[in-house]
Amino acid sequence: VIFESPLSSSTKYTIAVANIADNRGHNTRAQTSFTTEAQQVVYLSRDEQGTVDIIRRKTIGDSETTELYRGNKIGDFAVANRKILLVIEDTETQQFNTALYQIKGTTKTAVEPPKGIAIGVSGATDKDHFLVRTRDQSTLQYHLFLYSAETSTFTELIKENGDPIHASHASFAADSSTIVYT
């Protein structure tokens, strides 16, 4: 089924197909219903003193928010399939570290990219995949990795000639498979 326009959020839809012939030649009707999810936004809020950063989720049209993570010095973050990947500033060395945080429960797992330090992240909308941009401190080269939160593995994305991708920004397209970078 292809819809002519985008579906509304928080809406029940019923799809019915009439005059379907079964293997005995009788006509029947098939019907299914589904409800689209409410639209949500995830955002970072900081207190005025700069001491606490909070990642929150809000359902559009609802007045309440849900706190997903609370910490200090969040440089960048991305959400993918209920997991959060954070770039956190290390105030001791003035460098960045990368950590993966599960929203469910209090499980917190540190993640180390294979090359360099994390400088930016982006998440897929419906998969456990993140894009992680890094910078190697010794060579000053930039790298772009695909990180699977499901398998905890990094795969470096490279150009056809084998050179690393130098991306100032990288994100997933709407299909959660195509990667767009500049």
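First, a word on what this report is: a plain description of the structure on this page. Since the structure is predicted, the reported quantities are computational estimates derived from the model, not experimental observations.

### Concerning the pattern of salt bridges
Inference 1: Under the counting rule described, the total for this entry stands at five salt bridges.
Inference 2: With a shortest N-O distance of 3.1 Å, Arg 46 and Asp 53 are connected by a salt bridge.
Inference 3: One salt bridge in this structure joins Lys 115 and Glu 156, with 2.8 Å as the shortest N-O distance. With Lys 115 in the loop between strand 9 (108-110) and strand 10 (117-123) and Glu 156 in strand 13 (residues 153-157), this pair connects stretches of sequence that are 41 residues apart.

### Here's the deal with the sheet that holds strand 12 (residues 142-148)
Inference 1: Across the sheet, which stays open at both edges, the four strands sit in the order 10-11-12-13 with antiparallel pairing between neighbours. Both outer strands of the open sheet, strand 10 and strand 13, are each paired with one neighbouring strand and no more. Averaged over all pairs of adjacent strands, the angle between strand axes in this sheet comes to 30°, irrespective of strand direction.
Inference 2: Where strand 11 (residues 129-135) and strand 12 come together, seven bridges link them in antiparallel fashion. Residue pairing across strands places Val 132 opposite Phe 145, the latter belonging to strand 12.

### Some remarks on a nonpolar patch on the surface
Inference 1: Taken together, the side chains of Val 1, Phe 3 and Leu 7 make up a nonpolar region of the molecular surface, amounting to roughly 300 Å² of accessible area.
Inference 2: Its place among the elements puts Val 1 in the segment before strand 1 (12-21).

### Here we look at the environment of Ser 138
Inference 1: Mapped onto the secondary structure, Ser 138 falls in the loop between strand 11 and strand 12.
Inference 2: The class of Ser 138 is exposed, set by a relative accessible area of 66%.
Inference 3: Along the backbone, Ser 138 and Gly 116 are 22 residues apart, and their C-alpha atoms lie at a distance of 8.2 Å.
Inference 4: A distance of 2.7 Å separates polar atoms of two side chains, one belonging to Ser 138 and the other to Asp 136.

### Some points on the layout of surface pockets
Inference 1: The space that makes up the largest pocket amounts to roughly 720 Å³.
Inference 2: In this structure, the largest pocket is lined by 25 residues; those nearest its centre are Val 42, Val 79, Asn 81, Ala 124 and Thr 125.
Inference 3: Broken down by secondary-structure element, the contributors of at least two residues to the lining of the largest pocket are strand 3 (40-46), strand 6 (74-80), strand 10 and strand 14 (170-172).
Inference 4: Looking at which element gives the most residues to the lining of the largest pocket, the answer is strand 6, with five residues.
Inference 5: Classifying every residue of the lining of the largest pocket by side-chain character gives 13 nonpolar, seven polar and five charged.

### Considering the pairing of strand 1
Inference 1: Inspection of the sheet shows strand 1 paired to strand 2 (residues 27-35) by eight bridges, in the antiparallel sense. Its bridge partner being in strand 2, Ile 20 is matched across the sheet by Thr 28.
Inference 2: In this antiparallel pair of consecutive strands, strand 1 and strand 2, the connection spans five residues, and Gly 25 shows a positive phi of 90°.

### Focus on the sheet that holds strand 3
Through backbone hydrogen bonds, the strands of a sheet pair up, either in parallel or in antiparallel fashion.
Inference 1: The strand order 3-4-5 describes an open sheet built from three strands, whose pairing is antiparallel. Either end of the sheet is taken by a strand with one partner, and the two such strands are strand 3 and strand 5 (65-71). The mean angle between the axes of side-by-side strands here comes to 20°, regardless of whether they run parallel or antiparallel.
Inference 2: Sheet analysis places strand 3 next to strand 4 (residues 53-59), joined by seven bridges and oriented antiparallel. Counted as the bridge partner of Leu 44 is Ile 55 from strand 4.

Cut-offs and rules
Residues numbered from 1 in each chain as written. Predicted model: local features only at pLDDT ≥ 70, side-chain atom pairs only at ≥ 80, totals over all residues. Heavy atoms only, no water. Salt bridge = Lys/Arg side-chain N within 4 Å of Asp/Glu carboxyl O. Helix = DSSP H or I, 4+ residues; strand = E, 2+ residues; numbered from the N terminus. Pairing = 2+ DSSP bridges. Axes fitted to C-alpha atoms, helices over the stretch in contact; angles between N-to-C directions. Patch = residues over 30% accessible without salt bridge, like charges linked within 9 Å, V, L, I, M, F, W, Y side chains within 5 Å. Areas by Shrake-Rupley, 256 points an atom, 1.4 Å probe, with all protein chains shown as cover. Buried < 20%, exposed > 50% of the residue type's maximum accessible area, 1.4 Å probe, protein only. Polar contact = N/O pair within 3.5 Å; in protein donor to acceptor, adjacent residues only side chain to side chain. 1 Å grid on protein atoms, 1.4 Å probe; cavity = no way out; pocket = protein on both sides within 12 Å on 5 of 7 lines; lining within 4 Å. Points joined across faces, edges and corners; volume = space filled by probe spheres on them. Nonpolar A, V, L, I, M, F, W, Y, C, P; charged D, E, K, R; others polar.

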